[in-house]
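Analysis of the macromolecular model
Spelled out from the first residue to the last, the chains are:
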Amino acid sequence: MTVFLGLGIAGIVLLVLSLVLDGVLEGLFGGAGVLDGLFDGLLSLPVIAGFVSMLGFGGAIALGTTGIGAGPATAVGVGAGTGAAWLTWKVTRALMRDQTARTPNGDDLVGSSGAVVTAIPADGYGEVLLHLAGQPVKLAARSPIAVARGTEIWVDATLSPTSVAVRPVER
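Every value quoted in this text rests on a predicted model; they were computed, and no experiment measured them.

1. Some thoughts on the overall build of the protein chain
- Across its full length, the protein chain carries 4 helices and 5 strands.
- Mapped from its N terminus to its C terminus, the protein chain presents α and β elements in the order α-α-α-α-β-β-β-β-β.
- Put simply, 47% of the contacts in the protein chain that link residues at least 6 apart link residues at least 24 apart.
- Accessible surface for the protein chain amounts to roughly 10,400 Å². Of this, 67% is attributable to carbon and sulfur atoms.

And the structure:
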């Protein structure tokens, strides 16, 4: 029983270490060259930790509740560990494939509308308020003609990360 509980606790500790260190343990072993790619799938640390912890806890539960011997309890633990390892593998694969949206940038502003917050003199700079990915963004703006404060504008081009070329909306 003590051996099974020790395996269960060791598996939990390994799982916590693999989550906290986030790939550092794989990096230590990856430098050897022989083990390249070994920890990427079925032999990743979370999968191994899931197997070891369920082997231990499954064997301890089987041994403690049924009174069967150590051999059959080990078989029950191996079955539980295999199930936990498979489930961990499936979940980590799904999480690794999850794609995030592309990060918006200044080029996404071209063609959008906004409002002038500081008047723009002809061939000079003022400020405009735009919305990028739902967030308000205040940028320097240049226009070939004078644009008064409060005027609705269109963004024609991105001049730099902090400035845009604009024109007033014609109605």
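2. Some details on the confidence of the model for the protein chain
- Of all residues in the protein chain, 88% attain a pLDDT of 70 or more, and the chain-wide mean is 85.
- Per-element confidence in the protein chain ranges from a low mean pLDDT of 58 for helix α2 (residues 24–30) to a high of 94 for strand β1 (residues 113–118).

3. As for helix α1 (residues 2–21)
- Here α1 spans 28 Å end to end across 20 residues, near enough to the 28 Å set by a 1.5 Å rise per residue.
- F4, G8, G11 and S18 are the residues of α1 that are buried. End-on view of α1: buried residues confined to an arc of 95°, all on one side of the axis. Residues T2, V3, I9 and V20 are exposed on α1 and point more than 90 degrees away from its buried face.

4. Description of a nonpolar patch on the surface
- On the surface, I9, I12, V13, V16, L17, V20 and L21 cluster together into a nonpolar patch covering about 590 Å² of accessible area.
- Its location among the elements puts V20 in helix α1.

5. A few points about the sheet that holds β1
- If you trace the 5 strands once around the closed barrel, you get β1-β2-β3-β5-β4, paired in mixed fashion. Across the sheet, the axes of successive neighbouring strands diverge by a mean angle of 50°, strand direction being ignored.
- The pairing of strand β2 (residues 124–132) with strand β3 (residues 135–143) spans 9 bridges and is classified as antiparallel. When the bridges of β3 are listed, G124 appears paired with S143.

6. Considerations on helix α3 (residues 45–66)
- With 22 residues, α3 extends 31 Å between its outermost C-alpha atoms, agreeing within 8% with the 32 Å of an ideal straight helix rising 1.5 Å per residue.
- Those residues of α3 not exposed but buried are L45, P46, V47, A49, G50, S53, L55, G56, G58, G59, A60 and A62.
- With its phi angle positive at about 75°, G67 sits one or two positions after the end of α3.

7. Regarding the pairing of strand β5 (residues 163–168)
- The buried fraction of β5 amounts to 5 of the 6 residues, a majority that puts the element mostly inside the structure.
- Inspection of the sheet shows β3 paired to β5 by 3 bridges, in the parallel sense. Within β5, the position partnered with R142 by the bridge is A165.
- Bridging between strand β4 (residues 152–160) and β5 involves 6 bridges; their strand directions are antiparallel. Each residue of the ladder has a partner; that of S160, found in β5, is S163.
- Taken together, β4 and the strand that follows it, β5, pair antiparallel across an intervening segment of 2 residues.

What counts, and at which threshold
Residues numbered from 1 in each chain as written. Predicted model: local features only at pLDDT ≥ 70, side-chain atom pairs only at ≥ 80, totals over all residues. Heavy atoms only, no water. Helix = DSSP H or I, 4+ residues; strand = E, 2+ residues; numbered from the N terminus. Contact = heavy atoms within 4.5 Å. Areas by Shrake-Rupley, 256 points an atom, 1.4 Å probe, with all protein chains shown as cover. pLDDT = per-residue confidence, 0-100. Expected span 1.5 Å × (residues − 1). Buried < 20%, exposed > 50% of the residue type's maximum accessible area, 1.4 Å probe, protein only. Arc of directions from axis to C-beta. Patch = residues over 30% accessible without salt bridge, like charges linked within 9 Å, V, L, I, M, F, W, Y side chains within 5 Å. Salt bridge = Lys/Arg side-chain N within 4 Å of Asp/Glu carboxyl O. Pairing = 2+ DSSP bridges. Axes fitted to C-alpha atoms, helices over the stretch in contact; angles between N-to-C directions.

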